Amino acid sequence: MSSLSSELRRDLEAAFGDARVVMLHAAPREIGLVDGGGRAIFDGILEVLGPSRTLVVPAFTNQLTDPSHWVNPPAPPERWETIRAEMPLFDPHETPPYQLGAIPALAYRHLRAARSPHPVMSLVAIGPDAEGLMQSHAITDPMGRRSPWPRLVEVDARVVLLGVGLTRCTLVHYAEHLAGVPYEDLATCTFPLEIEGERHFVEAEPSGGDCSEGFDALFPHLERARVVEHRRVGRARTMSFSARDLLRVAAEVLRADPLALLCNFVTCHLCSRARVDGASP
Ligand SMILES: [Zn+2]
């Protein structure tokens, strides 16, 4: 048994509902002070889900992308060659997720974890559906039809945003891909790969956009469609909805305005350029 309080356990049970597969994006610190910290929360999540349900979390490894694309912080150009030469290859058992918090950092090391094999955009699952959901992840299609995302939609995973907003909801990139948003080809995903014993930097075909800072624009549409459940886990605001509902609403929004989910930050070169390209005939 984890050391999680019965109150937090009840909150988690309510947030997960009766979903067979839970796609979780979480900021555990938002829950408040918890005895045992992230470890206790992670163990508690698995206990609440039990043996018949599956947890899925993102395990992206942006530290393994080409340094010329790094923006936060950028890598100085004079260091690019060194960084490229020293960059390790992706190893699903060894490569830690990059800045995704305590839950993914513990999940990928779990004994029963299955990790999808994409060098940058992998997911981790634990539970009876894990192997099936994570079995393949086309290198050239990180957010597309040959990734785990359509499988998560097929089983109608419950997306749970625990202490985070829609800007963390990666499934929206799959919706962008299905909608064929005009800015897809601005996104790049370049990473080292060993091909016939030699290291190469390969660039994946684009799928979905590259910026998620504008995804909050979906919120009023999801509310109007009455598909969002609002709860608290400890002090953390928690939203949840079904993957299919999200895709349906996002498809409607993108059909009406293909640029609706771009962000408004002047510093975001990707969204600024997407708007300029989208506005030109
Ligand atoms: Zn942006």
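Counting starts from 1 at the beginning of each chain's written sequence and moves along it residue by residue. Thresholds applied to this predicted model are a pLDDT of at least 70 for local features of residues and 80 or more for the giving and counting of side-chain atom pairs; totals over whole chains, interfaces and linings are not thresholded and use all residues. Excluded from the side-chain calculations are hydrogens and water; all other atoms, namely the structure's heavy atoms, are used.

A. Structural detail: the overall build of the chain. Comment: elements are numbered from the N terminus, with helices defined as DSSP H or I runs of at least four residues and strands as E runs of at least two. Within the chain, the secondary structure is distributed over 10 helices and nine strands. Radius of gyration means the value over C-alpha atoms here, while the globule rule gives 2.2 Å times the residue count to the 0.38 power. Taking 2.2 N^0.38 as the reference for a compact globule, 281 residues should give roughly 19 Å; the C-alpha atoms of the chain span a radius of gyration of 19 Å, in line with that estimate. A principal-axis box enclosing the C-alpha atoms of the chain has dimensions of 55 × 45 × 35 Å. Contacts are residue-level and defined by heavy atoms, with any inter-residue pair within 4.5 Å sufficient. Restricting the contact set of the chain to residue pairs at least 6 apart, pairs at least 24 apart contribute 68%. Method for areas: the Shrake-Rupley scheme with a 1.4 Å probe, in which residue coverage is limited to the protein chains shown. Total accessible area on the chain stands at roughly 13,900 Å², and carbon and sulfur atoms take up 51% of it. Under the counting rule used here, the positive set is Lys and Arg, the negative set is Asp and Glu, and His together with the chain ends is not counted. The location of each charge is read from NZ of Lys, CZ of Arg, CG of Asp or CD of Glu. Both charge centroids of the chain, one from 28 positive and one from 36 negative side chains, sit 7 Å from each other.

B. Region of the structure containing the sheet that holds strand 9 (residues 236–242). At least two DSSP bridges between two strands are required for those strands to pair. One open sheet accounts for seven strands, arranged 3-4-2-1-5-9-8; its pairing is mixed. Each edge of the open sheet is held by one strand with a lone partner, namely strand 3 (113–115) and strand 8 (229–233). The average angle at which neighbouring strand axes cross in this sheet is 25 degrees, direction not considered. Across five bridges, the pairing between strand 5 (residues 158–162) and strand 9 is antiparallel. Across the sheet, residue Leu162 finds its bridge partner in strand 9, namely Thr238. In this description, a line fitted to the C-alpha atoms serves as the axis of each element, helices being fitted only across the stretch in contact, and the angle between N-to-C directions of two axes falls anywhere from 0 to 180 degrees. Against the sheet, helix 1 (residues 6–16) makes contact with strand 1 (21–26), strand 5, strand 8 and strand 9, and its axis sits at roughly 160 degrees relative to strand 8, the strand it touches most. Packing of helix 9 (residues 243–256) onto the sheet brings it into contact with strand 5 and strand 9, and relative to strand 9 it is tilted by some 80 degrees.

C. Seen up close, the pattern of salt bridges. A carboxyl oxygen of Asp or Glu within 4 Å of a side-chain nitrogen of Lys or Arg is what we treat as a salt bridge. What the rule picks out here adds up to 10 salt bridges. Arg84 is the partner of Glu81 in a salt bridge, and the nearest nitrogen-oxygen pair spans 2.7 Å. Here the residue Glu81 and the residue Arg84 both occupy positions in helix 3 (residues 80–86), the gap between them amounting to three residues, near one helical turn. Under the relative-accessibility criterion, Arg84 is labelled buried at 18%. The structure contains a network of salt bridges with shared partners spanning Asp66, Glu81 and Arg84. Any residue under 20% of the maximum accessible area for its type is buried, any over 50% is exposed, and the rest in between are partly exposed; the area is computed with a 1.4 Å probe on protein chains only.

D. Here's a closer look at the environment of Asp35. Relative to the assigned elements, Asp35 resides in the loop between strand 1 and helix 2 (37–49). On the basis of relative accessible area, Asp35 is assigned to the exposed category, the value being 66%. In sequence terms Asp35 and Ser5 are 30 residues apart; their C-alpha atoms lie 8.5 Å from each other. The residues touching Asp35, leaving out its near neighbours within four places in the chain, are Ser3 and Ala40.

E. Representation of helix 2. Spanning 13 residues, helix 2 covers 19 Å between terminal C-alpha atoms, matching the ideal 18 Å at 1.5 Å per step. Among the residues trailing helix 2, Gly50 stands out with phi positive, at a value near 70 degrees. By this rule, a helix spans an expected 1.5 Å times one less than how many residues it contains.

F. Molecular detail of the packing of helix 7 (residues 171–179) against helix 9. At a closest axis distance of 9 Å, the pairing of helix 7 and helix 9 adopts a crossing angle of 45 degrees. With respect to helix 9, the axis of helix 7 lies oblique. Note on packing geometry: the crossing formed by helix 7 with helix 9 is right-handed. Two secondary-structure elements touch here, helix 7 through Leu171, Val172, Tyr174, Ala175, Glu176, Leu178 and Ala179 and helix 9 through Ala243, Leu246, Leu247, Ala250 and Leu254. Residue classes follow a fixed rule: Ala, Val, Leu, Ile, Met, Phe, Trp, Tyr, Cys and Pro count as nonpolar, while Asp, Glu, Lys and Arg count as charged, and any other residue, Gly among them, counts as polar. Its residues assigned to classes, the contact of helix 7 with helix 9 comprises 11 nonpolar, no polar and one charged. Note that the term roughly parallel is reserved for angles under 35 degrees, roughly antiparallel for angles over 145, roughly perpendicular for angles of 65 to 115, and oblique for everything else. Should the near helix be turned anticlockwise from the far one by less than a right angle, the crossing is left-handed, and should it be turned clockwise, the crossing is right-handed.

G. Broad picture of the coordination of the zinc ion. Donor atoms from the polypeptide that coordinate the zinc ion comprise Cys211 (SG), Cys263 (SG), Cys268 (SG) and Cys271 (SG), at 2.3 to 2.4 Å from the metal. We call an atom a donor if it is N, O or S and sits within 2.8 Å of the metal, or 3.2 Å for Na, K and Ca. Water is not counted, so some sites may look partial. Geometry is assigned from donor-metal-donor angles: four donors are tetrahedral when every angle falls between 85 and 135 degrees, four are square planar and six octahedral when opposite donors sit over 155 degrees apart with all other angles between 65 and 115, and any other arrangement is irregular. If you look at the zinc ion, its four donor atoms make angles of 106 to 114 degrees with each other, and the shape they trace is tetrahedral. In primary-sequence terms, the residues that donate to the zinc ion follow C-x51-C-x4-C-x2-C. Linking Cys211 in the loop between strand 7 (198–203) and helix 8 (219–224) with Cys263 in the loop between helix 9 and helix 10 (269–279), this pair joins segments that are 52 residues apart in sequence. No difference in accessibility class separates Cys211 from Cys263, as the two residues are buried.

H. Focus on the side chain of Arg158. Of note, Arg158 is situated in strand 5. Side chain to side chain, Arg158 and Ser240 meet in a polar contact 3.3 Å long. Counted as a polar contact is a pair of N or O atoms within 3.5 Å, where, for protein atoms, one must be capable of donating a hydrogen and the other of accepting one, and residues adjacent in sequence contribute only when both atoms are in side chains.

I. How the structure looks around the pairing of strand 5. Of all five residues making up strand 5, five are buried, and the element is well covered by its neighbours. Across the two faces of strand 5 the burial is the same, with Arg158, Val160 and Leu162 and Val159 and Leu161 all buried. Relative to strand 5, strand 1 runs parallel, the two being bridged by five bridges. Along strand 5, the bridge assignment pairs Leu24 with Val160.

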